Amino acid sequence: MIENEQAEEILLILDDKLSKTVSVLKEEYTSVRAGRANPHILDKVTFDYYGAPTPVTQAASVSVQEGRCLVISPWDVSVLKAIEKAIQLSNIGITPTNDGKVIRLVFPELTEERRRELSKQIKKMGEDSKVAARNNRRDAMDAIKKLKNDKTLSEDEAALCEKEVEKAVADAISKIDGAVSAKEKEIMTV
């Protein structure tokens, strides 16, 4: 166990950053379209509601119909056009249909080519997360080296801290790999 408070703080900050890296990746994956209707695809879509940018999910109920169709029912029908325009501008790859009361988003079947594209995109997002984890490792190692050079941390404590850092980063990278393979499996499933 590490006795040095500064070293413990470095490890706590590292753990926090790594868990945020993994959770951000998983959050990004919810907005990747996988052929099935997923309400999370609208999480980042905002529209102008009386001068304030408002997420669609806060101004309407979003429900899934028959697995392939999202139905967006705004509580205030006057914002229907604004929501429709925001969805078109959001670049989610689906054209909304507006019937005057609700907006429907019909998710088309993914082609094999599109599945491969999405798979590459998912792998790249995973790789970016791994890079972020490695950058966090570098920052933590630099902080430990500085403590060691300042004689605040002994050689043995520094070695122990470095092992802890490596273990935490390896754990985060394995979680990232797990998230990547789970999302890839979801996309490649027909």
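Residues numbered from 1 in each chain as written. Predicted model: local features only at pLDDT ≥ 70, side-chain atom pairs only at ≥ 80, totals over all residues. Heavy atoms only, no water.

Draft legend 1. Molecular detail of the pattern of salt bridges. What the rule picks out here adds up to 15 salt bridges. A salt bridge links R138 to D139; the shortest N-O distance between them is 3.4 Å. When its relative accessible area of 35% is taken as the criterion, D139 is described as partly exposed. Look at the salt bridges and you will find they share partners, linking E127, K130, R134 and D177 into a network. (Salt bridge = Lys/Arg side-chain N within 4 Å of Asp/Glu carboxyl O. Buried < 20%, exposed > 50% of the residue type's maximum accessible area, 1.4 Å probe, protein only.)

Draft legend 2. Focus on the packing of aromatic side chains. Within the structure shown, the criterion is met by two aromatic pairs. When the ring of F47 is compared with that of Y49, the centres are 5.8 Å apart and the planes differ by 55°; the resulting orientation is tilted. Under the relative-accessibility criterion, Y49 is labelled partly exposed at 27%. Note on Y49 and Y50: the rings are 4.8 Å apart at their centroids and 55° apart in plane angle, and the pair reads as tilted. On the accessibility criterion, Y50 (67% relative accessible area) is exposed. Every member of this aromatic cluster is reached through a ring pair, and the members are F47, Y49 and Y50. (Phe/Tyr/Trp six-rings, centres within 6.5 Å; stacked < 30°, edge-to-face > 60°.)

Draft legend 3. The arrangement of the pairing of strand β3 (residues 60-65) in detail. Of the strand pairs in this sheet, β3 and strand β4 (residues 69-74) are connected by six bridges, and their pairing is antiparallel. Considered in β4, the bridge of A60 is made with P74. In sequence, β3 turns back onto β4 through a hairpin of three residues, with E66 there showing a positive phi of about 55°. (Pairing = 2+ DSSP bridges. Helix = DSSP H or I, 4+ residues; strand = E, 2+ residues; numbered from the N terminus.)

Draft legend 4. Seen up close, the packing of helix α4 (residues 112-149) against helix α5 (residues 155-188). Remark: α4 packs on α5, axes separated minimally by 10 Å, with the N-to-C direction vectors making an angle of 170°. Taken together, the axes of α4 and α5 lie roughly antiparallel to each other. Here the contact of α4 with α5 is built from residues that sort into 15 nonpolar, three polar and 14 charged. (Axes fitted to C-alpha atoms, helices over the stretch in contact; angles between N-to-C directions. Parallel < 35°, antiparallel > 145°, perpendicular 65-115°, else oblique. Nonpolar A, V, L, I, M, F, W, Y, C, P; charged D, E, K, R; others polar.)

Draft legend 5. Geometry of unusual backbone geometry. Within the chain, Y50 stands out as a residue other than glycine whose phi angle is a positive 50°. Within the secondary structure, Y50 is located in the loop between β1 (46-49) and β2 (52-55). For K151, which is not glycine, the phi dihedral falls at a positive 65°. Residue placement: K151 occurs in the loop between α4 and α5. Accessibility expressed as a relative area gives 73% for K151, which makes it exposed.

Draft legend 6. A look at the nonpolar core. In this structure, L18, Y29, I144, L153 and V165 are the most contacted members of the largest nonpolar core, which totals 30 residues. Elements that contribute at least two residues to this core include exactly α1 (5-30), α4 and α5. Excluding its chain neighbours within four sequence positions, the residues that come into contact with L18 are A133, N136, A168, V169 and A172. By size, the runner-up hydrophobic cluster in this structure holds 20 residues, among which are A37, L42, F47 and A60. (Core = buried A, V, L, I, M, F, W, Y, C linked by side-chain atoms within 4.5 Å. Contact = heavy atoms within 4.5 Å.)

Draft legend 7. Spatial organisation of a negative patch on the surface. A surface patch of like charges, here negative, comprises E3, E5, E8 and E9. Its place among the elements puts E5 in helix α1. With a relative accessible area of 67%, E5 lands in the exposed category. (Patch = residues over 30% accessible without salt bridge, like charges linked within 9 Å, V, L, I, M, F, W, Y side chains within 5 Å. Areas by Shrake-Rupley, 256 points an atom, 1.4 Å probe, with all protein chains shown as cover. Lys, Arg positive; Asp, Glu negative; His and termini not counted. Charge placed at Lys NZ, Arg CZ, Asp CG, Glu CD.)

Draft legend 8. Representation of the environment of L110 in the model. By the secondary structure assignment, L110 is in the loop between β6 (103-106) and α4. You can call L110 buried: its relative accessible area is 8%. With 77 residues separating them along the chain, L110 and I187 place their C-alpha atoms 8.6 Å apart.

Draft legend 9. Structural detail: the pairing of β1. Pairing analysis gives four bridges linking β1 to β2, with the strands arranged antiparallel. Its bridge partner lying in β2, D48 is registered against P53. Joining the antiparallel neighbours β1 and β2 is a turn of two residues, in which Y50 adopts a positive phi near 50°.

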